[in-house]
Structures are given as C-alpha cells and as structure tokens.
Amino acid sequence: MIKIYEIPGGIHPPENKQQSLQRGLGALPLPQQLIVPLNQHSGAPATPRVAVGDNVLKGQKIAAATGRVSATLHAPTSGTVTAISPQPVAHPSGMTTPCIIIASDGKEQWVDRQGTTDFASQSPKQLLTTIREAGIAGMGGAGFPTDIKLSASENGQTIDTLIINATECEPYITADHQLMLSYPQQIVTGIQILAHILGQPQRILIGIEDNKADAYDVLEPYLADTSIQLVEFPTKYPSGGEKQLIQILTGKELPNGRLPADIGIVCQNIGTAHAVYRAVVEGTPLISRITTVTGDACREPQNLEVLIGTPIEQVLAHCGYQSEGNQPVVMGGPMMGFALHDLTAPVVKTTNCLLAPSSTEMPPPQPAQPCIRCGMCSEACPAGLLPQQLLWYAQSRNHQRLQAHNLFDCIECGACAYVCPSHIPLVQHYRAAKSELRQAARDKIKSDRARERFEFNKLRKQQAEAEKAAKREARRLASEQAKAAIAEQGGGAAPKNAASDVVQAALQKVAAKQASPEQQRAKLERSVNSAENRLQRLESKLAAGDDTPLSDEQIAGYQAQIESARLKLSEAQQKLAEFEQTQGASQEQKVMAKVLASPKETLDKKVASLEKRLAGIEEKLANCDDDDLRQALENSANKFRSKLQDARQEIAQLGSEDQQPVSDPATITAAQQVVSRSAAKAPVTPQQQVERLQNRIAKAEQRLTSLTDPVQVDALNTSLANLKQKLADAKKALENTQP
C-alpha cells in the first residue's frame, strides 16, 4: 500500500466529466485538408522536408527536428502538399505560424512501418532514437520532446522513480480517462518501454484520481505480473500538476528551479506512454491523439481519435457544435485553457480538449473589483505562494520582489482566480509578469554581451595604440643611434642647408630621368629605322608614278622629300655611330679606371654608394605611415648600416700603400690586353644580327614545348613576339644594306 501525501491548497470545482464519456471513443471522417504547424511543441520549429507539389504517404516524415529541443513531424494521411505558408494556429494571441498543408487523396496509404515487440533487446539509445524520430512530445499539455525527458540516465542521472500521470484533474477533460478505457494493454507496454529506457527504476507508479474508478478497474488486471503500481488518491484540483503529483506520491517537494530528474524522478503523461508504445511496437509516429470535445454548445460531446492537423471547426461540427449565443471555444480545460480566435486552426499534439461552453454554463467573467485581502487565494494556491503579494508586485512591475516571491513556481492552475471573491484575473497578471521577466532577462543578456563587446573593442584599440607608440619610439631610438654611430665614425654627411637639399633633389631627379646607355642606343636605332622607312615610302610613291602619271610639281615635291629623308637618315646613322664609338671608349675608360684604382678609392666609392642608398631609405622611412612597409625599410636600413660599418672598418685598417693606385706592370698590361680585345671586336653585322635572333627564336620555341605553367607560357610567348618583331626589323635593315 503506497502512502499518499497531502498537498497544500487546491480546489474542488464541478468536474463535468461524464458528458464526454457517454459515447465512448469515436473517430472523425478523414478531412479533405490537413494543416500541420511546424511548431506545435516546446522548442524550435521543425524544418520542412517536403515541397509544394510533393506526394506524401501517411506517416512519412515531412519536417525534421531542428536542434536538440524540437520534434519531428509526419504526414497524418496520404496526399499532396499544396502549400507551406503561415496559417492561424491555436494560440492565446491568435498568431499565425508556418504550416504544411496536405490535400488528402482519401487512400490512407501508409509508409513502410517497422516496429518490434522485443523492445527489451534494444538499447535505451536505440529506443530514444525511435521515439525522437516518431516526433513524440508530451501529451499532457506542455509538449516538451519526450526523448529529452527520458535522457536522464544517459546524462548520468540516477532515476529511481517513474511516475505516470493519469490524474487528469481539470474539469471537463476526459481524454486520458478514455485512453485508459480503450487501450490498457498498450499503455502498460508503453510504461514498460519507458522503464527499460530509464534502467528499470525501483518504483513505477501510476497516479490516478478516485473519480476514475472504471479506468482503475480496467487497468489493474494488466498490472498483475508487473512491478507497476496503480495509486489512487482523492480528487482535487490541481493534483495533476507535475510538482503536485510528485509530492502526492512520494512526499518530495521539488526545489525551486530544479527538474524532477534532479531528485531521481521522471514523470510522464499516460498519453505519452501510449504514444511510445505505438512508436516502438507498431512503428507508428505521432499523427493522431484523443481529444475531448465537450461543453453545452455541443449536442454530442465525445472523445474522438483526431488526426493532427484536422481543422478544429470540423471536429466541433462532428459533435454538433452551435456557435450562436455561446461562449468562445476554449482549447484545454476551463482552468488553464485559452479562448480560440480562429476555429480554422488545426488540432496539434497538445490538444487534449475542445471546450465549447454555453453562456449559462460559463458566463462571461465579472468585472474585477479591488482586492479585499481575504487570503483565499493563498489558501487555494497548491504551490504555497502568496498570490495577493504577487498581484501587487506584478501591477507595480517590481521584478525583484516578484522573483523573491518565486513567481516562476506558479503553475498557472487558476485556483487562486477561481476562489477570488473580487474576480481578479490573477493568472493573467502572473503570465504578463512572467513574460516581462523573461524579456528583461533576455535584454540583460543582450546588454551584458554588448557591454563585453564594447569593453573588448576599447581594450583592443588601447593595445593597438600602445603597440604603435612603442614601434614609433623604437624607430626613433634606432634612428638616433644610427646617426650617432655615423657621426662618431666621421663618415656622416655634413649638415645640409635648404639650398643644398634642393640642388641634391634636382640632381637626383635629373639622374632618374637620364636614360641608360641601352635606352639611348634603342632610341637612336629607332631614329635610323624611322628614317629608313620614310625614305622607302617616298621612293615607293615616286616609283608608283610610272603607272600613274604624276605632275611635274608632284615629282619635284617627292624628290625634295626624298633628299631630305636621305639627309635625316645619314644624320641618324652618324649619331648612332658616334654613340657606339663614345660608349665603347667610355666602357674602356671605366674598365681601366676600375682596374687601376687604389684599394682606398674602391672602398671610398663603396662607402659613398652605401651612404647614398642609406640616406634614401631613411628619407622614405621619415615619410612612411604603413607599418609593414616601415618594418621592411627598417630591415633594409639595418643591413646597409652594417655594410657601411664594415666598409669603414676596412678603410681604417688600410695602410699607406693602399692609398696609391695599382702600379703593377703585369696587372696594367693584362687589363690593357682585355680592353684592346674588346675594342677590336668587329661590330655585329645585319646578317649576324638576323642569325642571332633566329637562333634565339628557335631556342625559345623549343623551350615553349616543355613548359606547363600558364604564367611562364604567357611570358615566353610575349618574349617570342618581341624577338620576332626584332627579327623582322633586322631583316629589313639587312635588305636595306644590300645593293
């Protein structure tokens, strides 16, 4: 005999349960259209796995769970997906949410199903996967995904008690009552599956109120050979609350903010146990549920097996619902349910009751009066709260005091409002206050994250500024040290005034613009070629006069132009010859000067060159703002400083003999012989130029066949084009030299 514990508060409203139990469990004709909301459970909405126009089978997955707290959805019947769009759903706000709409084909053709009666051979993990894939969410009202509740053992929590909630304490609702009468064996098997998943808890209890005597009698024989205990206790609202049921059956009070699993208990609705049986043994996903349709506005109140997605108006019409002169239809019971704004909304997984009351049965709420501090609400509260104080704090939006008085322990059973003589809608105030607290918590999280981002960004900028300042200081110190070292070694440049700086800059600019010898030679060669071409064109035009008679004036003009072109060609050829002669002499002189220079002169030139290049780098450093480029310039400057220091050390170590130019006769003779041989080389003839270009083109084409890199191929093709152009020019020059 299980000991029963008393819970505080509670009320005894009229039950009104017999109306819907008179006709047994009924069925609804197949609707022509089913509306399946993507979010009909706690957590994230499911993601569609079908598209408009797809044909689906009954039980086929049409939306997958998104994230850990979510549930899969299945087609309630076979047919065609006609739309995926926002539709009105059952919600206190009357909002719309995305839904998958299926037009029934009337065939009820099932997808392949695979179930097993040997569930004991499967691991808890396998069974949890089956339950998750079946889309089972709590059937008691909250709609929390069942597999998450059952994962307590896998998460390392020890479960010693499994409680099956068959209380169904709210007036009018008899869906679970009818379920126990219709499917006792399936329910017991479902409980055994749950126990297997949880590692066979020490106690398995079914909590049932004593107003369900027939259901008790039906269930009891099926529990004879099991460890499941059926516990009956006095009827009282809200005994079916999870916390209240745990306290009634075990005497344990669930601490504030904790879950039942934290104290070794898992509580499941009896409808969930039946859904688990169907998923595991029959392979049937959650596509239907038993719903109580009752109230005086219905001529034939009854419990119906309803496909999820069935429009509520069709369910009500089946039970003879009359809307005129009656109160709005409520989803759920009279204590915790809410009025529906649109009866085209569909039945969902948590729809346990559709209450259609008449105005006499449930008159409109009376106007709220000021609180008289009678204290009846406190006596009725099953959670041991102080509803009166909570009301004051909710009205004054004192969030701190609301949390201090454990507002979130309120299960919104409505017992306080039921007994309130001032007809104050206490639960509505609590719901609004909870919503404000949740929003405040979300806002605080966002504010904290924004502040963290701001502080991090501020710290990052400070660090960046500090690093830049350190780099600038390091560069300044390095520059000062380098200047000091140059000054100490006596090699530093003399202070410059503004005028000398301008002259130096002008010289550098002119030097930069001065063409190299190769460029000068190319320019002169282009002048010769241009003059030759002009002369050739003029001679051609004059020769054309043999076919087309020219006037004397035209002939005289061509002859004058030809004479001028010949003169320009001669001048260009003379300039090119002088350049070649001057360049050759300059090269000879440079070679001899370099050979005969003393070691000190050589090192002095090296030092001067290094100083000039170092000065250029330091000038760029002074005007550089880019950190990477500055670092590269600094590295180059350090290298030149090192070379400069080495060269100066070599100069300091030179002796007196190193001050004199080279006087060794053998060295001078050898240098003169080399220069003479170079000068004696005959100039390249046009014929040789053509042959050299042809050889280079042949080698380039041969190399081109072995290349695979596109970049190299493009570069070589460009070079080939240039060589071929030069070859054409050389051939033309060769033709001009031939008589």
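Our structure is the block above this text.
Quick look at the structure, then. These figures come from a predicted structure and were not determined experimentally. (Residues numbered from 1 in each chain as written. Predicted model: local features only at pLDDT ≥ 70, side-chain atom pairs only at ≥ 80, totals over all residues. Heavy atoms only, no water.)

**A word on the packing of helix 1 (residues 124–133) against helix 4 (residues 184–197)**
- Across the interface, helix 1 lies against helix 4 with an axial gap of 9 Å and an inter-helix angle of 130°. Taken as axis vectors, helix 1 and helix 4 run oblique relative to one another. Of the two elements, helix 1 crosses helix 4, and the hand of that crossing is left-handed. Taken together, the residues of helix 4 that come into contact with helix 1 (itself represented by Pro124, Leu127, Leu128 and Ile131) are Ile193, His196 and Ile197.
- The residue inventory of the contact of helix 1 with helix 4, partitioned by class, reads six nonpolar, one polar and no charged. (Axes fitted to C-alpha atoms, helices over the stretch in contact; angles between N-to-C directions. Helix = DSSP H or I, 4+ residues; strand = E, 2+ residues; numbered from the N terminus. Parallel < 35°, antiparallel > 145°, perpendicular 65-115°, else oblique. Left-handed = near helix turned anticlockwise from the far one by under 90°. Contact = heavy atoms within 4.5 Å. Nonpolar A, V, L, I, M, F, W, Y, C, P; charged D, E, K, R; others polar.)

**Digging into the nonpolar core**
- Membership of the largest hydrophobic core comes to 47 residues, with the highest contact counts inside it found for Leu162 and Ile191.
- At the level of elements, helix 1, strand 9 (161–165), helix 3 (175–182), helix 4, strand 10 (203–209), helix 5 (213–219), strand 11 (228–233) and helix 7 (270–282) are the ones that each hand at least two residues to this core.
- Counting residues per element, this core draws most heavily on helix 7, at eight residues.
- Membership of the second largest hydrophobic core comes to 19 residues, among which are Cys298, Tyr321, Leu354 and Ala356. (Core = buried A, V, L, I, M, F, W, Y, C linked by side-chain atoms within 4.5 Å. Buried < 20%, exposed > 50% of the residue type's maximum accessible area, 1.4 Å probe, protein only.)

**Focus: helix 20 (residues 686–704)**
- A rise of 1.5 Å per residue sets the reference length of helix 20, with its 19 residues, at 27 Å; its end C-alpha atoms lie 27 Å apart and thus fit the reference within 8%.
- Of all the positions in helix 20, only Val690, Leu693, Ile697 and Ala700 are classed as buried. Along the long axis of helix 20, the arc covered by the buried residues comes to 95°, so they all point the same way. For helix 20, the exposed residues lying more than 90 degrees away from the buried face are Lys699 and Gln702. (Expected span 1.5 Å × (residues − 1). Arc of directions from axis to C-beta.)

**Some thoughts on the sheet that holds strand 6 (residues 73–74)**
- Reading across from one edge, 3-5-6 is the order of the three strands in this open sheet, with antiparallel pairing throughout. The sheet terminates laterally at strand 3 (47–48) and strand 6, the two strands that pair on one side only.
- Inspection of the sheet shows strand 5 (residues 61–64) paired to strand 6 by two bridges, in the antiparallel sense. Bridging from a neighbouring strand, Lys61 pairs with His74 of strand 6. (Pairing = 2+ DSSP bridges.)

**Points about unusual backbone geometry**
- In the segment running from Tyr237 into Pro238, the intervening peptide bond is cis, with an omega of 5°.
- The residue Pro238 is located in the loop between strand 11 and helix 6 (242–250) in this model.
- Even without being glycine, Tyr172 reaches a positive phi, approximately 75°.
- Positionally, Tyr172 belongs in the loop between strand 9 and helix 3.

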